Amino acid sequence: MFIEDIRNDFYNVLLGNRVLLLVHYDVDAVCACKILQDLFKCDNISYTLVPVGGISELKSAYDENNEEVKYVVLVNCGGTVDLVDILQPEEHVVFFVLDSHKPTDICNVYSDGQVRLVYKDEEENIPNFDDIFRDDEEDENSEESEARHGLEAVVERRRARKAWEERRHTLMFNYTQFSYHGKPSACVALELAARASRCTAAALWAAAVATAAHAALHCRSPARCLLDAEPLHRYVAAAQRNTPDDDAHQGARVVVQKDAWLPLYRWWSLEAAISHAAALAPHLRLHARSGAARLRQLLADMGFPLQQARQAYGAMDVELRRALLPALEAAAPRLRLPAPTRAAFLLRRAHAPALAALDAVYALMGLIENEETPRAEGFQQALGALATDGELEPLRRGVAAARRSLEAVARAVHGTLAARAVMLAGPFNYFIVQEGSPEAAALRGPLWLAEAARWVGAAHAHAPRPLLASAPAPHGRCLLLGLPPRFDQEPRNLFGAAFEQAAAKSGASVSLDFVDSSIISLPTSQRAQFLDALTALLA
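On a predicted model such as this, the values are computed, not experimentally measured, just so you know.

Quick notes on the rules
Residues numbered from 1 in each chain as written. Predicted model: local features only at pLDDT ≥ 70, side-chain atom pairs only at ≥ 80, totals over all residues. Heavy atoms only, no water. Helix = DSSP H or I, 4+ residues; strand = E, 2+ residues; numbered from the N terminus. Rg over C-alpha atoms; globule rule 2.2 N^0.38 Å. Buried < 20%, exposed > 50% of the residue type's maximum accessible area, 1.4 Å probe, protein only. Contact = heavy atoms within 4.5 Å. Areas by Shrake-Rupley, 256 points an atom, 1.4 Å probe, with all protein chains shown as cover. Lys, Arg positive; Asp, Glu negative; His and termini not counted. Charge placed at Lys NZ, Arg CZ, Asp CG, Glu CD. Pairing = 2+ DSSP bridges. Axes fitted to C-alpha atoms, helices over the stretch in contact; angles between N-to-C directions. Expected span 1.5 Å × (residues − 1). Salt bridge = Lys/Arg side-chain N within 4 Å of Asp/Glu carboxyl O. Parallel < 35°, antiparallel > 145°, perpendicular 65-115°, else oblique. Left-handed = near helix turned anticlockwise from the far one by under 90°. Nonpolar A, V, L, I, M, F, W, Y, C, P; charged D, E, K, R; others polar. Phe/Tyr/Trp six-rings, centres within 6.5 Å; stacked < 30°, edge-to-face > 60°. Lys NZ or Arg CZ within 6 Å of the ring centre and 35° of its normal.

1. A word on the overall build of the protein chain
(1) Moving on: Each helix and strand counted, the protein chain has 23 helices and 15 strands in total.
(2) Moving on: The C-alpha atoms of the protein chain give a radius of gyration of 25 Å, which matches the 24 Å a tight globule of 539 residues would have.
(3) Moving on: Every one of the 539 residues in the protein chain was classed for burial, and the buried ones make up 53%.
(4) Moving on: A fraction of 70% describes how many contacts in the protein chain between residues 6 or more apart in sequence connect residues 24 or more apart.
(5) Moving on: Surface summary for the protein chain: the accessible area is close to 24,200 Å², and the carbon and sulfur share equals 49%.
(6) Moving on: Each charge sign in the protein chain was given a centre, from 55 positive and 68 negative side chains, and these centres are 9 Å apart.

Take a look at the structure:
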């Protein structure tokens, strides 16, 4: 069931109770968790935080931590599966689900109150209850009574039931055929913080990072991203109005201003940032022999000497730094590049450089998926990197890890495109990151593999097709994820339902354990067998 009042029906219910907080490993979930943690701290709500990576981890985390717990809050996990069926909870346990993954499982939607959904996205076209659920016992009793009045009544009753079942199948197919993302969970958590009169700079910043993540990772269409960010813009403007000018320099504050849409350019060199920007690099065709010449041409059109563009951004000439945005905007159309600047959220702190929300997105990705750090430890570091004051070391570690991962993504993509290793399999394209390659370790997780897939997909934008990307995973398995053909404009994904059907037909040992249904894992030895079944299914 959907709750109607996020404060009274959700947050006030938790007051005075111990809470189990289960959070998925993604940027939006970390940001929402940060907002909820700050709220829980203010109201002395005791909680146990457990990050989870999939359905099996969700079940294990619940089984290990459900003692004396009445309320469970799930962030970006649990919404797309039947929670009661999977977790088998006691009747008194209540689940509050804040999940941006869609579509929401229909059993959760029509739960009698044990599963309570915190937010309903306006895109969700949920079927009516009577079209999905039917009382079989009542049907049997009706059929027995009608049998006394003749065969025709029984036949008509069965015909009606068959028609209902066919209609139900059609409705459920239409409802579940695409997976997609709803409004960022951190933006919903920010609404709760505002209702509780605790719309702090930390809450604004966490929501800003989540909004930037949905835009940068193409979780939502550009129009939806603008609508999602509209309340955040209002809260940021209100915070600026309520902050006296003489106090503005004393603490952190979130501002909105035009900025270059380049990853980590304040922490890197300008040339490196452009070379590793998934929004620009594919259009510069950096994988081709002439790619370096195009990049130099762009810098020349901007009026930036190579010596300046190749040194750290902070060491560049001050006049060049001031001219960066207008120079980028003027030079981009000459090479037919997409708009390189946009309105962005920045965190301004006393005696520290401005921090862009886009940079924080990549820093959090670098901490969550870091081959040198266990995931649970990386999750805690990601929470620390969202701090608006205090220790900056987690953020610096995240930036360093993100730079290494972006370099690995670029090498993998350049190698794939230069070798023309993007294969055509009838209805879709696919590419494989080979086991043993230098980049394989960095792309073992879905976040960075998806970044590589988007880069490859953008390089083939002239002939858009669905795209599959595969990378090696531990224990002789491989990761497989799918992108829709126009992921940057309409990110609804059909691969979730297709993977499930292909798994049943191929007989491969496919794991559908991921929260995002467009991501699966399977034995590397069965990958070709599975791709053949998927090709036949989608042909």
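Okay, back to it.
2. Some points on the side chain of Asp359
(1) Moving on: Within the fold, Asp359 resides in helix α18 (residues 357-368).
(2) Moving on: The residues touching Asp359, leaving out its near neighbours within four places in the chain, are Leu262, Pro263, Leu264, Tyr265, Arg266 and Trp267.

3. Some words on the environment of Val256
(1) Moving on: Tracing the sequence through the fold places Val256 in strand β8 (residues 253-260).
(2) Moving on: Of the residues examined, Val256 reaches a relative accessible area of 33% and is grouped as partly exposed.

4. Considering the sheet that holds β8
(1) Moving on: Here we have three strands laid out as an open sheet, ordered β8-β9-β10, and antiparallel in their pairing. Strand pairing shows two members of the sheet lacking a second neighbour, β8 and β10 (355-356), which therefore form its edges.
(2) Moving on: Pairing of strand β9 (residues 341-348) with β10, which is carried by two bridges, proceeds in the antiparallel orientation. Bridge pairing in β10 links Leu346 to Ala356.
(3) Moving on: Its contacts with the sheet put helix α17 (residues 324-331) on β8 and β9, and the angle it makes with β8 is roughly 40 degrees.

5. Some points on helix α11 (residues 222-241)
(1) Moving on: Helix length check: α11, at 20 residues, gives a terminal C-alpha distance of 28 Å against a target of 28 Å (1.5 Å per residue), a fit within 8%.
(2) Moving on: Looking only at α11, the buried set comprises Cys225, Asp228, Ala229, Pro231, Leu232, Tyr235 and Val236.

6. Quick word on the environment of Tyr180
(1) Moving on: Mapped onto the fold, Tyr180 is located in strand β7 (residues 180-181).
(2) Moving on: Placed 58 residues apart in sequence, Tyr180 and Ala238 show a C-alpha to C-alpha distance of 32 Å.

7. Digging into the pattern of salt bridges
(1) Moving on: Inspection of the entire model under this criterion finds 27 salt bridges.
(2) Moving on: A salt bridge links Asp63 to Lys59, with the nearest nitrogen and oxygen atoms 3.7 Å apart. Here Asp63 and its partner Lys59 are both found in helix α3 (residues 55-65), four residues apart, which amounts to about one turn of the helix.
(3) Moving on: A residue is classified by how much of its surface remains accessible, and Asp63, at 41% relative accessible area, is partly exposed.
(4) Moving on: The closest approach of N and O atoms between Arg234 and Glu230, which form a salt bridge, is 3.0 Å. With Arg234 and Glu230 both in helix α11 and four residues apart, this pair spans about one turn of that helix.
(5) Moving on: Classification of Arg234 as partly exposed rests on a relative accessible area of 44%.
(6) Moving on: Exposure remark for Glu230: the relative accessible area of 39% places this residue in the partly exposed category.

8. Regarding the packing of helix α20 (residues 393-418) against helix α21 (residues 446-459)
(1) Moving on: Between α20 and α21, whose axes approach to 9 Å, the crossing angle comes to 40 degrees. The orientation of α20 relative to α21 falls into the category oblique. Crossing geometry of α20 relative to α21 is assigned as right-handed. Contacts between α20 and α21 involve Ala402, Ser405, Leu406, Val409, Ala410, Val413, His414 and Leu417 from the first element and Trp448, Glu451, Ala452, Trp455, Val456 and Ala459 from the second.
(2) Moving on: Tallied by class, residues from the contact of α20 with α21 come to 11 nonpolar, two polar and one charged.

9. What to know about unusual backbone geometry
(1) Moving on: Cis geometry marks the peptide bond from Lys102 to Pro103; its omega dihedral reads 5 degrees.
(2) Moving on: In this model, Asn44 sits at a positive phi of 55 degrees, which is unusual for a non-glycine residue.
(3) Moving on: Along the chain, Asn44 turns up in the loop between α2 (27-42) and β2 (47-52).
(4) Moving on: In this structure Asn44 comes out as exposed when scored by relative accessible area, which is 70%.
(5) Moving on: Look at Asn76: it is not a glycine, yet its phi comes out positive at around 60 degrees.
(6) Moving on: You can see Asn76 is positioned in the loop between β3 (71-75) and α4 (83-87).

10. Re the packing of aromatic side chains
(1) Moving on: Tallying each qualifying case throughout the model produces 15 aromatic pairs.
(2) Moving on: With 6.3 Å between their ring centres and 15 degrees between their planes, Tyr11 and Phe40 make a pair best called stacked. Of this pair, Tyr11 sits in helix α1 (residues 7-14) while Phe40 sits in helix α2, placing them 29 residues apart in sequence. Taken individually, Tyr11 and Phe40 each receive the classification buried, so the pair is uniform in this respect.
(3) Moving on: Counting every residue linked through ring pairs, the aromatic cluster contains Phe428, Tyr430, Phe495, Phe499 and Phe530.
(4) Moving on: Over the ring of Tyr313 we find Arg321; its NZ or CZ atom is 5.9 Å from the centre of that ring.
(5) Moving on: Against the face of Trp261 rests Arg342, its NZ or CZ located 4.1 Å from the ring centre.

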